[in-house]
Each structure stands twice: as structure tokens, then as C-alpha cells.
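One-letter residues, chain by chain:
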Amino acid sequence: MGKGRLMLPPEEMRAFGQWVVEQLLDHLAELPELPAAQREPAEKMRRRLEEPPPSAPRPWQEVLQRLERDVLPAVMLTTHPRFFAFVPSPSNFASVMADALASGLNAFAGTWAEASGPAQLELTTLGWLRELLSLAPTSAGVFLSGGSMANLTALAVARQARAGERLDQAVAYCSDQTHSSVERALRLLGLSSAHIVRLPSDDGFRLSPAEVASRIAADRRDGLRPFCVVANAGTINTGAVDPLEKLAELCRAEDLWLHVDGAYGAAAALSPQARARLWGLGLADSLTVDPHKWLFQPYGIGCCFVREGRLLEETFRVNPEYLRDLEPRAGEVNFCDLGPELTRPFRALKLWMTIQIFGMDELVAAIERGLSLAERAEALLRERGFEMVTAAQLGVLTFRYAPEGLPMVALDRLQERIAAAVAEDGLAIVQTTVLRGRTVLRMCTINPRTEEDDLATTAELLWQLGEEAHRRG
Ligand SMILES: Cc1ncc(COP(=O)(O)O)c(C=O)c1O
């Protein structure tokens with residue numbers, strides 16, 4: 001091949017592609033036997049990988065071997081059946097192939113003129129989600145890179161629609177259980193930290209409408225301008241769902257925007273079993289839901305819906321002269337006008353392909369499996385002697401190894417030592433969080449390929465590591 005064209009010979013490209021697919025298939029087959037996590041120290045990784053860029057070509061086989069040896073083993077496998085930390089991302093093969101296709105095609109999914117097929121697929125897939133989540137027909141959505149960007153996008157619309165020009169006095173409310181991406185988004189949007197009010201949650205770790213109402217009244221007396229409440233549909237810590245209907249009522253009465261962060265939890269509304277727990281999603285002015293969490297997509301695909309869909313365009317549309325030729329005609333949508341990104345990848349393809357290839361019944365069954373796995377984990381942990389702190393809720397549970405007679409601080413430290421020892425062991429990943437100042441162990445069980453045996457061996461390992469850490473004192 002001639003110089004400067006960045007091409008490989010066709011037969012090599014074929015072999016290269018086949019190698020990648022084989023590698024992925026082997027990885028999937030071996031996954032349950034692999035350690036769930038392997039963390040290497042910074043010095044070791046730097047020694048392995050820091051080097052000047054090569055000026056001469058290297059054979060792709062050699063590069064891939066190196067990748068396989070030096071890079072790929074050093075990751076926490078968020079698709080692993082015993083990865084129970086944070087919110088797992090148990091993607092599926094159809095969506096992985098879709099990502100490869102989207103990347104190979106490199107469609108520019110910012111404007112209709114450049115990618116009408118991808119734009120219509122995004123509209124179709126968003127329309128499915130809108131129906132499945134029972135959102136208002138006036139809603140419009142947009143796919144983004146994840147929950148953080150979806151929260152930022154929704155709150156940018158909220159600011160535009162309700163805070164107006166007086167940003168220095170604008171106040172937003174959420175509970176102390178709200179994901180950090182909300183605070184970051186509000187800060188990026190120009191709110192001062194003092195005006196991002198994190199209210200203490202109630203006994204069930206939910207935002208109390210009465211607390212919000214009295215704080216709004218106090219802030220108004222002080223001359224401030226409340227504009228937004230952020231509610232949770234599944235908190236990261238415990239899976240708690242805030243009282244969405246009551247908060248929507250309050251926001252209506254007070255003329256405030258209600259944003260619901262359902263980044264991981266809202267997907268559970270697809271299950272008839274769990275729908276009632278998430279009642280009121282459709283009352284939100286905006287909603288975040290992340291397909292790369294409980295809709296089984298690889299990173300990064302988040303989604304934001306806005307009930308009065310036209311507000312997305314009113315917030316984000318700008319009209320530079322160099323894009324005049326790409327003006328949408330009747331019925332066409334330029335997704336670059338509905339969010340902060342102009343150049344954006346063809347994210348809809350992976351979710352569309354998942355739904356086409358597996359069907360909705362299978363997707364709902366996979367969500368419901370996550371719900372029952374959490375209940376099963378709770379039963380196993382209780383049987384083994386763990387103290388349950390919060391029962392299984394939307395696939396999340398928190399608990400403690402709590403031998404009698406230990407002072408609080410030692411008990412907290414013990415949970416941290418157990419989580420560190422599990423990570424060191426590698427069999428599973430279970431991490432801690434803090435609830436009301438106390439350290440607890442936490443599991444999120446939304447991987448539909450987790451087996452009962454994975455839960456049982458993890459519970460046993462946690463118990464043994466707890467005993468060992470306690471014995472050593
Ligand atoms: C409730 C909630 N909101 C927002 C986020 C942020 O999403 P992302 O990590 O995709 O940016 C998360 C991530 O776990 C989450 O659980």
C-alpha cells in the first residue's frame with residue numbers, strides 16, 4: 001500500500017477483524033472464571049506502557065498481543081457476573097457488534113441531512129422508550145454519553161425555562177442521596193454551591209416533599225428564587241425512589257421544574273412488577289435514563305427526556321452560517337439542536353439492535369432477573385448472618401458484617417477492610433458506601449447473567465473475609 005494513506009491490505013484487515021471478534025467471544029466464554037477486577041499500581045503500569053510513539057509500523061498481531069498481555073487484564077470487569085459495585089454495565093453481544101458497525105460507518109448523527117437513517121432510528125428508539133416509560137406524547141428525547149451528560153442537559157433546560165436571567169439568586173433542591181453528577185451539573189450551569197440545597201432524606205432515604213416545601217418558603221422569604229427540584233428514581237446508594245407524584249404536585253403549585261434522575265432505576269418501569277414503585281415518572285418536566293446501565297448497553301449511552309419537547313431546541317439551538325445548508329425540513333430533526341453536542345456518534349443503533357434481536361419480552365425478563373437476584377442475595381446474606389441495612393430495592397441492597405460488641409468506628413473500618421479484601425481476592429467486587437455516617441457494604445445485582453451460585457459464593461467469601469479481618473483486629 002502507498003505511504004500516507006493509513007490503510008492495511010484487505011486480507012490483513014479481515015484477519016484483524018476476525019481476531020477481534022474471536023477475542024471478544026473467548027472473553028465472553030471465560031468471563032465467569034476471570035477475576036472480576038485486577039488493579040495494578042501506577043508505577044507498574046507506567047513502566048509497562050510509557051514510551052515514545054513508534055515512527056515505524058509494527059505488525060498488528062504484535063500490537064494486539066501486547067494489548068492482551070499488558071492492558072486488558074488490568075480492568076474491573078463491569079460486565080462480570082460477580083461485579084456488584086456501583087451500577088454494573090452488563091452489555092450484550094448484539095450491542096457490542098452494533099458499536100463496531102457504528103464506529104466503522106462513522107455516521108455523523110448531528111444532523112438529518114448527514115444521517116437521516118441514524119436520525120430516524122434515534123427517533124424510533126426514543127419513541128419506544130417514551131411509550132415504555134409512559135411519558136407524555138409531547139416529550140422529546142436525545143441520546144447523550146451517559147447519566148452525567150443527561151442530567152446536565154436536563155438541568156440546562158430547567159435553568160433556561162425557569163431561572164431566567166437572575167441566576168445569582170436561583171436555587172435548586174435535592175436530597176442528600178442525590179448522585180454527585182447533579183451537583184456538578186448545577187455548578188457547571190453557574191449555580192453557587194450555597195444555592196444547591198441537599199436536604200436530609202427521610203427514614204427510607206427519600207426526599208421529603210414537606211422538607212422541600214418549607215425550605216422553598218424560607219428561601220423565598222430571603223429573596224431567593226427557587227427554580228428546580230431534582231428527585232431520584234433509584235438512588236445509587238440504596239435504590240430508593242423519591243415520592244415522585246407528591247413532588248410533582250409541589251413543583252406544579254410552586255411553579256418549579258421537576259427533574260427526575262432515573263439514570264439507573266427508571267428502566268425498571270419497563271417491568272410490570274416494578275412499575276408501581278416508579279409511579280409518576282411521566283409527571284417530571286425532565287427525566288434521565290441510562291441505557292448503559294439497566295438497558296444492557298456498552299458505554300456510553302445516556303438519555304434525557306423533556307416533557308415539553310420544544311424546550312430542548314429552545315435551549316440548545318444556535319444557527320451558524322456554515323450549517324445553513326443542513327437546515328431540517330418539515331418532519332426532520334437535527335439532534336445537534338437538542339443537546340450540547342454537534343458531532344455525535346450513532347448511539348441509537350446499539351439499543352435498537354438489542355431490542356430488535358432479543359425483543360422486549362427478553363429485555364423485560366432481564367430487568368426482572370436483576371430484581372429477583374437482589375431479593376435472593378438479601379435472603380442468602382441474612383441466612384449467613386449479615387445485618388441488613390436496607391432491603392433489596394430496585395436491584396440494590398446494603399448490609400454489614402456486624403459481630404457483637406464492636407464499637408461503631410471499628411465496625412465501619414471492618415466493612416472497608418472486607419471490601420478491600422474482596423477486591424484483592426478478585427472473585428467478586430463488592431464495595432462500601434456511607435449511610436447516615438455509617439459504612440455499609442453494598443451490592444447492585446442488575447447483571448442478568450449472574451447465577452445463584454455467584455451470589456452464594458460471594459456471600460460466603462464476604463463472611464470468611466469478615467471473620468478473618470475481625471480475628472486479626
Ligand atoms: C442515579 C445516577 N445518576 C447519575 C449517574 C451518572 O451516570 P454516568 O456515570 O453515566 O455519567 C449515575 C451513575 O451511576 C447514577 O447512578
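Position numbers for residues start from 1 in each chain and track the written sequence from start to end. Local features in a predicted model are, by the rule used here, given only for residues with pLDDT of at least 70; side-chain atom pairs are given and counted only at 80 or more, and totals for whole chains, interfaces and linings are based on all residues. Side-chain figures throughout are based on the complete set of non-hydrogen atoms in the structure, without hydrogens or water.

Student: Hey, could you go over the domain arrangement of the chain for me, with residue numbers and the actual values?
Tutor: Domain start and end points were adopted from an automatic or database domain assignment. Along its sequence, the chain is carved into domain 1 (107-358) and domain 2 (361-472). For domain 1 and domain 2, the distance between their C-alpha centroids amounts to 31 Å. When checking whether two residues touch, look at their non-hydrogen atoms; a contact exists if any pair is within 4.5 Å. The interface of domain 1 with domain 2 comprises 31 residues on the first partner and 21 residues on the second. When the two sides are added together, the surface that domain 1 and domain 2 hide from each other amounts to roughly 2100 Å², 65% of it contributed by carbon and sulfur. For any pair of parts, buried area is found by adding up, for both, the accessible area (1.4 Å probe) each one loses once the two are put together. Looking only at domain 1, the three residues that lose the most surface to domain 2 are Asn237, Trp294 and Phe296, adding up to 29% of its buried area. Take a side-chain nitrogen of Lys or Arg and a carboxyl oxygen of Asp or Glu: if they are within 4 Å of each other, that pair is a salt bridge. In this assembly, domain 1 and domain 2 are joined by zero salt bridges. As used in this structure description, the phrase polar contact means that two N or O atoms lie within 3.5 Å; if the pair is within protein, one of them must be able to donate a hydrogen and the other to accept it, and residues adjacent in sequence are counted only when both atoms belong to side chains. The tally of links between domain 1 and domain 2 comes to eight residue pairs in polar contact (both at pLDDT 80 or more). Put simply, DSSP H or I for four residues or longer makes a helix, DSSP E for two residues or longer makes a strand, and each gets a number counted from the N terminus. At the level of secondary structure, the elements contributing two or more residues to the side of domain 1 that touches domain 2 comprise α10 (272-275), α11 (291-294) and α13 (348-358). Put simply, Ala, Val, Leu, Ile, Met, Phe, Trp, Tyr, Cys and Pro go in the nonpolar bin, Asp, Glu, Lys and Arg in the charged bin, and everything else, Gly too, in the polar bin. Of the residues assigned to the side of domain 1 that touches domain 2, the class counts are 16 nonpolar, ten polar and five charged.

Student: Which residues make up helix α6 (residues 147-163), and what are the values?
Tutor: Expected helix span is given by 1.5 Å per residue-to-residue step, counting one fewer step than there are residues. Given a rise of 1.5 Å per residue, 17 residues ought to cover 24 Å, and the 22 Å separating the end C-alpha atoms of α6 matches this to within 8%. Remark: exposure states derive from per-residue accessible area (1.4 Å probe, protein chains only) relative to the maximum for the residue type, with buried under 20%, exposed over 50%, and partly exposed in between. For α6, the complete set of buried residues consists of Gly147, Ala150, Asn151, Leu152, Thr153, Ala154, Leu155, Ala156, Val157, Ala158 and Ala163.

Student: Outline the site of the ligand, listing residues and values.
Tutor: Not every one of the 14 residues close to the ligand is listed here, only the nearest: Gly147, Ser148, Asp261, His292 and Lys293. Take Ser148: an N or O atom from its side chain is 2.5 Å from an oxygen atom of the ligand. Here an oxygen atom of the ligand and a side-chain polar atom of Asp290 are 3.1 Å apart. Areas reported as accessible are Shrake-Rupley estimates using a 1.4 Å probe. Residue values count occlusion only from the protein chains shown. Within the complex, 84% of the 390 Å² of free accessible area of the ligand lies under protein. If you list the elements that add at least two residues to the shell around the ligand, you get α6 and α11. The greatest single-element share of the shell around the ligand, amounting to three residues, is contributed by α6. Across the shell around the ligand, the residue classes tally to three nonpolar, eight polar and three charged. Note on terminology: near, applied to a residue and a molecule or strand, indicates that one of the residue's heavy atoms is within 4 Å of it.

Student: Could you give an account of the environment of Pro137, naming the residues involved and the relevant values?
Tutor: Examined against the element boundaries, Pro137 turns out to sit in the loop between α5 (116-132) and β1 (140-144). Taking the C-alpha atoms as reference points, Pro137 and Arg307, 170 residues apart in sequence, are found 8.1 Å from one another.

Student: Outline the pairing of strand β8 (residues 387-393), supporting the account with residue identities and numerical values.
Tutor: Whether two strands pair comes down to DSSP finding at least two bridges between them. Note: β8 against strand β9 (residues 396-400), four bridges, orientation antiparallel. Each residue of the ladder has a partner; that of Glu387, found in β9, is Arg400. Once β8 ends, the chain turns through two residues before running back antiparallel as β9, passing Leu394 with a positive phi of about 45°.

Student: Outline the nonpolar core, supporting the account with residue identities and numerical values.
Tutor: Throughout this description, the term nonpolar core refers to a set of buried Ala, Val, Leu, Ile, Met, Phe, Trp, Tyr and Cys residues connected via side-chain atoms within 4.5 Å. The biggest cluster of nonpolar side chains holds 97 residues, and the ones touching the most others in it are Leu281 and Trp294. Summarising the domain contributions, this core has at least three residues from each of domain 1 (107-358) and domain 2 (361-472). Filtering out sequence-adjacent residues up to four positions away, Leu281 remains in contact with Leu133, Leu135, Ala233, Leu244, Val260, Ala266, Ala269 and Leu287. Within the second largest apolar cluster, 26 residues are counted, among which are Leu373, Leu414, Leu455 and Ala459.

Student: Pulling in residues and values, what's your account of the pattern of salt bridges?
Tutor: Opposite charge on two side chains permits them to pair, given that their charged atoms come into close proximity. With the rule as written, the count across this model stands at 31 salt bridges. For Glu51, the salt bridge goes to Arg66, with nearest N and O atoms at 3.2 Å. Placement of the pair is Glu51 in the loop between α2 (42-49) and α3 (60-71) and Arg66 in helix α3, with a sequence separation of 15 residues. By relative accessible area, which is 22% here, Arg66 ends up partly exposed. Taking the shortest distance from any N to any O, the salt bridge between Arg376 and Glu452 comes out at 2.7 Å. Note that Arg376 is positioned in helix α14 (residues 360-384) and Glu452 in helix α16 (residues 452-472), a separation of 76 residues in sequence.

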